[in-house]
Amino acid sequence: MSGFLDGIRCGDCECNVDWGERRNTIASIAAGVLFFTGWWIIIDAAVKYPDEGQFHHAYHTCGVIATVAFLMINAVSNGQVRGDSYSEGCIGQTGARVWLFIGFMLAFGSLIASMWILFGGFVVPQKPAVYPGIAIFFQNAFIFFGGLVFKFGRTEDLWQ
């Protein structure tokens, strides 16, 4: 039973595309689509619920912090964190690691805060419109996963 999928041939294309060379392109496009989708969802919620009582405008702070975290995480290359390509500067490898750690703390913090807003601001009080809370959570989740795809989906071998 363990080999019942062995006979199925998926991708019988004769085009011979080398996906290894296109890894950075595919990861960058996927991360951009995730980032764009996150902001598109929250813009939709802000347009659909413009009243301050239905959707408090301070809730946009989570998305802004997630965007800053996205930029912080991807501003440091993996070589800088490992110490391969970065030894100069005022704090060197340790500074790159601290910068990356703060970026991940902001990313996780904004994701947790968006869950708190979803449940504390919309689900528990049983508001009639829960979509703004769901939109905040999905915005932060998409930005978070977009940052992860952009950071770890690309390879630095092609840069050297």
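Thresholds, definitions, all that
Residues numbered from 1 in each chain as written. Predicted model: local features only at pLDDT ≥ 70, side-chain atom pairs only at ≥ 80, totals over all residues. Heavy atoms only, no water. Helix = DSSP H or I, 4+ residues; strand = E, 2+ residues; numbered from the N terminus. Buried < 20%, exposed > 50% of the residue type's maximum accessible area, 1.4 Å probe, protein only. Contact = heavy atoms within 4.5 Å. Areas by Shrake-Rupley, 256 points an atom, 1.4 Å probe, with all protein chains shown as cover. Axes fitted to C-alpha atoms, helices over the stretch in contact; angles between N-to-C directions. Parallel < 35°, antiparallel > 145°, perpendicular 65-115°, else oblique. Left-handed = near helix turned anticlockwise from the far one by under 90°. Nonpolar A, V, L, I, M, F, W, Y, C, P; charged D, E, K, R; others polar. Phe/Tyr/Trp six-rings, centres within 6.5 Å; stacked < 30°, edge-to-face > 60°. Expected span 1.5 Å × (residues − 1). Polar contact = N/O pair within 3.5 Å; in protein donor to acceptor, adjacent residues only side chain to side chain.

Caption draft 1: Summary view of the overall build of the protein. Looking only at helices and strands, the protein has five helices and zero strands in total. Ordered by position from N to C terminus, the α and β elements of the protein give α-α-α-α-α. The buried share among the 160 residues of the protein stands at 34%. Across the protein, contacts joining residues at least 24 apart in sequence account for 75% of those joining residues at least 6 apart. Summing over all exposed atoms, the protein offers an accessible surface of approximately 10,300 Å²; the carbon and sulfur share of this is 66%.

Caption draft 2: Representation of the packing of helix α2 (residues 61-75) against helix α4 (residues 92-123). One can describe the packing of α2 onto α4 by two numbers: an axis separation of 8 Å at closest approach and a directional angle of 155°. Regarding the angle of α2 to α4, the classification is roughly antiparallel. Between α2 and α4 lies a crossing whose hand is left-handed. Only W99, L100, I102, G103, F104, L106, A107, S110, A113, S114 and I117 of α4 make contact with α2, whose side of the interface consists of C62, I65, A66, A69, M72, I73 and A75. When its residues are assigned to classes, the contact of α2 with α4 shows 15 nonpolar, three polar and no charged.

Caption draft 3: Main features of the side chain of S114. Checked against the element boundaries, S114 lands in helix α4. Given the relative accessible area of 0%, S114 is considered buried.

Caption draft 4: Representation of unusual backbone geometry within the structure. The backbone of Q126 sits at a positive phi, close to 55°, despite the residue not being glycine. Its place among the elements puts Q126 in the loop between α4 and α5 (131-152). By relative accessible area, Q126 is classed as exposed at 67%.

Caption draft 5: Spotlight on the packing of aromatic side chains. Applying the stated rule across the entire model yields 11 aromatic pairs. For the pair Y59 and F122, a centre-to-centre distance of 5.9 Å together with 65° between the ring planes defines the contact as edge-to-face. Taken as a pair, Y59 in the loop between α1 (23-48) and α2 and F122 in helix α4 lie far apart in primary sequence, 63 residues in all. A relative accessible area of 0% means that F122 is categorised as buried.

Caption draft 6: Spatial organisation of α2. An ideal rise of 1.5 Å per residue puts 21 Å on 15 residues; α2 measures up with 21 Å between its terminal C-alpha atoms. Those residues of α2 not exposed but buried are C62, G63, A66, T67, A69, F70, M72, I73 and N74. In this structure, the buried residues of α2 make contact with α1, α4 and α5.

Caption draft 7: Fine view of the environment of S28. Positionally, S28 belongs in helix α1. When the C-alpha atoms of S28 and F150 are compared, they prove to be 5.8 Å apart, with 122 residues separating the residues in sequence. Among residues more than four places away in sequence, those in contact with S28 are F150 and R154. Within the structure, the side chain of S28 is placed 2.7 Å from the backbone oxygen of N24, a separation counted as a polar contact.

Caption draft 8: Structural detail: the side chain of Q139. Its place among the elements puts Q139 in helix α5. Look at Q139 and you get buried, because its relative accessible area is 0%. Excluding residues within four positions of it along the chain, Q139 makes contact with G38, W39, I42 and G63.

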